[in-house]
Amino acid sequence: MPELPISPLMQIVLLGVAGIVIWHLQGRNRPNARLITQIAFFAAMTAILIAQGIAPTRYEPLSNGNGTLLVAAKLLWWVHLAWATIGFVRIYVVLDGRPREARLLQDLIVATIYLGVTLSALAYVFGIAIGTLVATSGIIAIIVGLALQSTLNDVFSGLALTLGRPYGIGDWILLADGTEGRVVENTWRSTHLLTATNNIVVLPNSFLAKIGLTNVSRPDEAHQVALQLRVTPTHSPQVVLETIRQAMLASNHSHHGHAPLVSLKGLDALAMDIDLLFYVSHPAERIGARNEVADLVYRQCRASGIALAPPKSATILWSEAAIPAAKPQSAQELLRSNPAADCLSDDQITAMAQDARLRHFPRDELLPTGGVPGLMIIRSGAAVRSLAETEIRRLSAGDIIGELAADDPSTVRALTALEVYELDHHACQAMLRDHPAFRTEILDRQRSAANPANVASAPGQASANTGIFRRTLHDMLRR
């Protein structure tokens, strides 16, 4: 067999350079092909070294004839060994489908491989005493570690947070100091939160590792909201608590997969201290839901003759006469409180309400809206307007019910025991005919409620606003 025109060491060098060139030409999108290439060139280089009796894991004094080629061949062999091992790790190291932990573990393994290969090359190629180098490096590492103590603290805290998984990308977290937001990025040194005010807050990982946090997104994003209330004790606690509970059921911003709770916290001669507890489908909806529940409870209490009490800090002279008498609102007062009747005068409102008849409907009963010649206005309780089993809007004290459009297929069902005033139908017909603005206002409110963008969330579903927030966040994360 004729001898090859080039030496074995030169063959190893050429194989190593060719492997590097082909590895780069294949690109990052073909990790399996890259790994096969690395293994093939590494195996060929290893076979030539073994055939020539050269051990890459043993230092050999350099001769004048082949010293440079031997160094280059060994260095390329160690580089291909490192790359082949790293390629295998990046493809096959996974942690139960958790990409963040897998990426972190891969980075640690890759760093360890590069460090090991560098030290091995220094020892077996150049003959440097690793023990002395490691001792010297330890002193340098101590000096650098003291100088970078804060940064290293953040890095190791990020490692602990990532492996412990108290939160993940996309989770909404609430910190003990009041900071809250959605996690949009988690690096080695810091965590980035997108707050409800659309700002990015950058928090060092060492800070997050020390402070207490609440993950609002687990097990789901349904979030409890508390609202405090003080009312005068003109009714029994049972009546007051049930009245408030019925008002909360009419909320369109609350998450109805979790029933609202009403808790009596204290009772004395001047006031009842009550906590209202309800859920929202997303933390960003707390403000809207809290405002709506406060309005519903106020209207329901006023319609039922339950007065709000002054705060504990207020100084008053108590007497039985100071407590307002229980007096439910009349149909005329309820009409005046409805914005749809702002276009009517007091005489016109009185004409509509003078012959109003109070009607009672049990829970889950359908109200006879179809074909009703007049209008009805809720005095107490909660109802829901639905269209083909899809909830459109919840109704409470002061809301007007009526079938103004002949083609309206929606129905109204009592969510609780319901009290409504049925207004005089002749006066209502005359008012709707002579005052188109009144009719238009009621129709506009019904149509806006029927808009899918305003439909309240079904149990277990996020609202339309939440969906927009999540899509915006998803698009931002993809970029």
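Residues numbered from 1 in each chain as written. Predicted model: local features only at pLDDT ≥ 70, side-chain atom pairs only at ≥ 80, totals over all residues. Heavy atoms only, no water.

Looking at an unreviewed UniProt entry, one finds the chain named Small-conductance mechanosensitive channel and attributed to Paracoccus broussonetiae subsp. drimophilus. UniProt annotates the chain under Subunit (unreviewed entry) with the comment "Homoheptamer." (UniProt positions renumbered as here; feature names shortened; annotations may be inferred.)

Description of the sheet that holds strand S4 (residues 200–204)
Spatially, 5 strands are ordered S4-S3-S2-S1-S5 in an open sheet, and the strand pairing comes out antiparallel. Looking at strand neighbours, the two that pair on one side only are S4 and strand S5 (213–215), the edges of this open sheet. When the angles between neighbouring strand axes are averaged without regard to direction, this sheet yields 40°. As judged from the 3 bridges shared by strand S1 (residues 172–175) and strand S2 (residues 180–186), these two strands associate in the antiparallel manner. Note on S2: the bridge partner recorded for Leu174 is Glu180. (Pairing = 2+ DSSP bridges. Helix = DSSP H or I, 4+ residues; strand = E, 2+ residues; numbered from the N terminus. Axes fitted to C-alpha atoms, helices over the stretch in contact; angles between N-to-C directions.)

Observations concerning the UniProt feature "transmembrane region" (unreviewed entry) in the chain
Summarizing the sequence annotation, UniProt attributes the feature "transmembrane region" (unreviewed entry) to residues 6–23, 35–55, 75–95 and 104–122 in the numbering used throughout. For residues 6–23, the end-to-end C-alpha separation is 24 Å, with 89% helix and 0% strand making up the annotated structure. Overall, residues 35–55 shows 81% helix and 0% strand. The separation of its end C-alpha atoms is 24 Å.

Considerations on the packing of aromatic side chains
Inspection of every chain in the model, using the stated rule, returns 2 aromatic pairs. Between Phe42 and Trp77, the ring centres sit 5.2 Å apart and the planes meet at 35°, which makes this aromatic pair tilted. Here Trp77 lies in helix H3 (residues 67–92) and Phe42 lies in helix H2 (residues 31–51), a separation of 35 residues in the sequence. For the pair shown, Phe42 and Trp77 are each scored as buried. A ring pair is formed by Trp77 and Trp78, whose centres lie 5.0 Å apart and whose planes are at 85°; its orientation type is edge-to-face. Exposure remark for Trp77: the relative accessible area of 8% places this residue in the buried category. (Phe/Tyr/Trp six-rings, centres within 6.5 Å; stacked < 30°, edge-to-face > 60°. Buried < 20%, exposed > 50% of the residue type's maximum accessible area, 1.4 Å probe, protein only.)

Describing helix H9 (residues 286–304)
Taking 1.5 Å of rise per residue, 19 residues should cover 27 Å, and H9 covers 27 Å from first to last C-alpha, within 8% of that figure. Along H9, the residues that are buried comprise Arg286, Ala289, Glu292, Val293, Leu296, Val297, Gln300, Cys301, Ala303 and Ser304. Summarising the axial view, the buried residues of H9 lie within an arc of 160°, below the 170-degree limit, and thus occupy one face. In this structure, H9 carries Ile287 and Asn291 as exposed residues pointing more than 90 degrees from its buried face. Where H9 terminates, the next one or two residues include Gly305, which has phi positive at roughly 80°. (Expected span 1.5 Å × (residues − 1). Arc of directions from axis to C-beta.)

A word on helix H12 (residues 425–434)
Among all positions of H12, only Ala427, Cys428, Met431 and Leu432 are buried. Burial along H12 is one-sided: seen end-on, the buried residues are contained in an arc of 130°. The exposed set on the far side of H12, more than 90 degrees from its buried face, consists of His426 and Arg433.

Some remarks on empty space enclosed by the protein
Counting across every chain of the model gives 1 cavity of 30 Å³ or more. Computed from the structure, the largest cavity encloses a volume of approximately 40 Å³. Around the largest cavity, the lining residues are Met248, Ser254, His255, His256, His258, Pro260, Phe278 and Tyr279. (1 Å grid on protein atoms, 1.4 Å probe; cavity = no way out; pocket = protein on both sides within 12 Å on 5 of 7 lines; lining within 4 Å. Points joined across faces, edges and corners; volume = space filled by probe spheres on them.)

Some thoughts on the pattern of salt bridges
Going through the model one piece at a time under the given rule, you end up with 14 salt bridges. Of the charged contacts, one joins Asp399 and Arg299 as a salt bridge, the two residues approaching to 3.3 Å between their closest N and O atoms. On the criterion of sequence distance, the pair formed by Asp399 in the loop between strand S12 (390–395) and strand S13 (400–401) and Arg299 in helix H9 is long-range, its members being 100 residues apart. Ionic contacts of the salt-bridge type, sharing partners, join the residues Arg230, Asp273 and Lys312 into one network. (Salt bridge = Lys/Arg side-chain N within 4 Å of Asp/Glu carboxyl O.)

Structural notes on the confidence of the model for the chain
One rule of thumb: low pLDDT means the predicted coordinates there are not for detailed reading. Per-residue confidence for the chain gives a mean pLDDT of 77; residues scoring 70 or more make up 77%. Model confidence for the chain, summarised as mean pLDDT per element, is weakest for helix H14 (residues 464–478) at 41 and strongest for strand S8 (residues 272–280) at 93. Below a pLDDT of 50 lies the segment residues 450–479, which in the model reaches 39 contacts outside its immediate sequence neighbourhood of four places, other chains included. (pLDDT = per-residue confidence, 0-100. Contact = heavy atoms within 4.5 Å.)

What to know about the packing of helix H8 (residues 237–249) against H9
In helix packing, the relevant descriptors are the interaxial angle and the interaxial distance, both defined with respect to the helix axes. Interhelical geometry of H8 versus H9 gives an angle of 135° and a closest axis separation of 8 Å. Our classification of the angle between H8 and H9 gives oblique. In the packing of H8 onto H9, the handedness of the crossing is right-handed. Residue-level inspection shows Thr243, Ile244, Gln246, Ala247 and Met248 of H8 in contact with H9, the latter providing Val293, Leu296, Val297, Gln300, Cys301 and Ser304. Residues of the contact of H8 with H9, tallied by class, amount to 7 nonpolar, 4 polar and no charged. (Parallel < 35°, antiparallel > 145°, perpendicular 65-115°, else oblique. Left-handed = near helix turned anticlockwise from the far one by under 90°. Nonpolar A, V, L, I, M, F, W, Y, C, P; charged D, E, K, R; others polar.)

Examining a nonpolar patch on the surface
A surface patch of nonpolar side chains, amounting to about 290 Å² of accessible area, comprises Val17, Val21 and Leu25. Here Val21 is to be found in helix H1 (residues 8–26). Take Val21: its relative accessible area is 45%, and that puts it in the partly exposed class. (Patch = residues over 30% accessible without salt bridge, like charges linked within 9 Å, V, L, I, M, F, W, Y side chains within 5 Å. Areas by Shrake-Rupley, 256 points an atom, 1.4 Å probe, with all protein chains shown as cover.)

Structural notes on the packing of H1 against H2
Contact geometry for H1 and H2: axes closest at 10 Å, N-to-C directions at 175°. Here H1 is positioned roughly antiparallel relative to H2, judged by the angle of their axes. The segment H1 lies against H2, with Pro8, Gln11, Ile12, Leu15, Gly16, Ala18, Gly19, Ile22, Trp23, His24 and Gln26 engaging Ala33, Arg34, Thr37, Gln38, Phe41, Ala44, Met45, Ile48 and Leu49. Class assignment of the residues belonging to the contact of H1 with H2 gives a composition of 12 nonpolar, 7 polar and 1 charged.

What about the sheet that holds strand S15 (residues 418–422)?
What holds strands together in a sheet is hydrogen bonding between their backbones, with the strands either parallel or antiparallel. Taken together, the 4 strands give an open sheet; going across it, the order is S9-S15-S10-S13, and neighbouring strands pair in antiparallel fashion. Every interior strand has two partners, whereas the edge strands, strand S9 (357–361) and S13, have only one. Looking at chain direction, S9 and S15 are connected through 5 bridges and run antiparallel. Bridge pairing in S15 places Leu358 opposite Tyr421.

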